[in-house]
Amino acid sequence: MSTSNDHSDRQRDDMITLRVPRGALTALWTLGSLIALLLVALAFVAGLALRPALPAAAPVQVPVVVDPAPVAPSIVTLSASPLPLPVTPAPPTSAPTSEPAVQPTLELIRPTEAPAIPAPTDAAPVIPAPTGVDADPPAAVDFRIEPQPAAVQPPAAPVQAAAQPPPAARPADSGGGGASRPAPTSRPPMSALKGSVRWSTANSPVIVQNDLLVSSGASLIIEPGVEVQIGKGASLVVDGSVVALATPDQPVRFVQIGGGDDPRLRWESIIGRAGSVIDLRNVLITGGGGGGTVLAMQSGRLSLQSVRIVNNGGHIRVEDSFVIIRDSEISGNRMPYGSAIDITLTRGGGGSPGSDVVIINNRVLNNATVAGAAPLRLTNLSFDHPARIEIEQNLLVGAAGPNLALFTNAQLMGNIRCNTLIGGANGLSLRSDAPPNLSPMLNIRDNAIEAHEPPNNPFYRQFNIGKGATSDLPLTMTNNWWEVANGPYEPALNPEGRGEAAGPNITFQPWLQTRPACAPSF
């Protein structure tokens, strides 16, 4: 009986299993899940479709809150600030209507010719170059100055000029010696000269208490006999032209207020800025250079003839400018950095005919300079553009550095003739970062190279042989005087010579056996 019942139960279970398989249940559960997910997705899509109709103001408020809100408060705060400002209101962009629309300009010509500016009727002719020397400046030298159109750069208003302090003097270059110039301090506002201004003896002495600006397009003409007295720390800043064509018996004088040369009362400097012209003849400059530079020219044209720069606290610095210095004296100055005459060409020479640098018949001596500084230093930093130079008949007396220091990365061409290089550590020093096969196209001859300090070597000290010349590049220096008749000492080429030593890259044969008459005496 029980066996029959068990058999019946198994048949019933088999029937149920066949009718409702386990896989079918799983499929039904999966289908139900998918239908539920589909319903949820449809509800979500329906919600997104209905969302714009909901009352939501946030999208409208976003541009109002984000964009204008941070800007408007700052503008209102600055304009409505009740605190007094330490500066004057900004000047108008245009010049006052009372000023002339077009400013008169100057036209200067080659310094050896008659000036284009009419001199006073009682002025004596400009002093000619000394006749006791046998080398004249080359005829190719061109120092013609074209007039500057006033419309290109209108003159700045006096208030605008106050925001333009004079450029800082450049620290001494490598090899020139000296520390950097101290950081500039705040300066009082400048006064500005407009148009054509003439200072005559009726106005003398002209007293300049604070910085004075000669505006772009303006010209300042200083007549013979005028004395310009400048206050402590003040500068004459030139954007236009300054011309002082004085005479030997009536020089123009730039001095301290009161006429002394007290180091505690030194005025700053005469500064020529880009596009400016400074032409000084028979001028005395003393008592200045309070910041380390007494005369500076940057990207302009500088002409000094028969100028005495004595008892100042700074040097002459020229950058990227055409320069002529003739028949002048730079002596008795205390220079905290740089060479006495420090000329730098960052872009090489100019494209006009003639020489870029003309230094003829000057005396540079008895200046207190830092170790390594030279009486005359010329630097050409360009690797592409050559520089043309004329350095003749100068007395360059050194102290603890070379007499004539040259640095060039490109070609140097021109003349170095009839100079006296005396005293200090070295006569002529030429340095370069250019390839060693670059040979300067310089005519170096008829120079007197004398009395330099012997190196710290027993042989040099025994025979008192100093360094006459050194060069990083191949350099031809034939027909020069090396202090004694048997020529310069050179261990391989002239071991019996007892004159100033020539460096290994220098060709010195033949040499002069007597001192050249054209070289000035010390």
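Placed above this text is the structure.
Summarised in this report is the structure supplied together with it. (Residues numbered from 1 in each chain as written. Predicted model: local features only at pLDDT ≥ 70, side-chain atom pairs only at ≥ 80, totals over all residues. Heavy atoms only, no water.)

1. Looking at the environment of Ile222
Right, on to step 1. Considering the arrangement of structural elements, one finds Ile222 in strand β5 (residues 219-222).
Right, on to step 2. Residue class for Ile222 comes out buried when judged on its relative accessible area of 1%.
Right, on to step 3. Separated by 20 residues in sequence, Ile222 and Val242 place their C-alpha atoms 7.7 Å apart. (Helix = DSSP H or I, 4+ residues; strand = E, 2+ residues; numbered from the N terminus. Buried < 20%, exposed > 50% of the residue type's maximum accessible area, 1.4 Å probe, protein only.)

2. A closer look at the nonpolar core
Right, on to step 1. Counting 73 residues, the largest nonpolar core has Trp199, Phe254 and Ile285 as the members making the most contacts within it.
Right, on to step 2. The contacts of Ile285, once residues within four sequence positions are left out, are Phe254, Trp267, Ile270, Leu280, Val294, Val307, Arg308, Ile309, Val310 and Asn312. (Core = buried A, V, L, I, M, F, W, Y, C linked by side-chain atoms within 4.5 Å. Contact = heavy atoms within 4.5 Å.)

3. Topic: unusual backbone geometry
Right, on to step 1. The residue after Ser204, namely Pro205, is reached through a cis peptide bond having omega -5°.
Right, on to step 2. You can see Pro205 is positioned in the loop between β2 (196-199) and β3 (206-208).
Right, on to step 3. Following Gln509, the chain continues to Pro510 via a peptide bond in cis, the omega torsion being 0°.
Right, on to step 4. Mapping Pro510 onto the fold places it in the segment after β32 (506-507).
Right, on to step 5. Here the phi dihedral of Asp327 falls at roughly 55°; this positive angle occurs in a residue that is not glycine.

4. As for the state of the cysteines
Right, on to step 1. Summed over all chains, the structure comprises one disulfide.
Right, on to step 2. Linked covalently through their sulfurs, Cys418 and Cys518 form a disulfide whose S-S length is 2.1 Å. On the S-S bond that ties Cys418 to Cys518, the torsion sits near -85°, and the link is left-handed. With Cys418 in the loop between β24 (412-417) and β25 (420-422) and Cys518 in the segment after β32, the pair connects residues that are 100 residues apart, well separated along the chain. For the residue pair Cys418 and Cys518, the accessibility class agrees, reading buried in each case. (Disulfide = S-S within 2.5 Å.)

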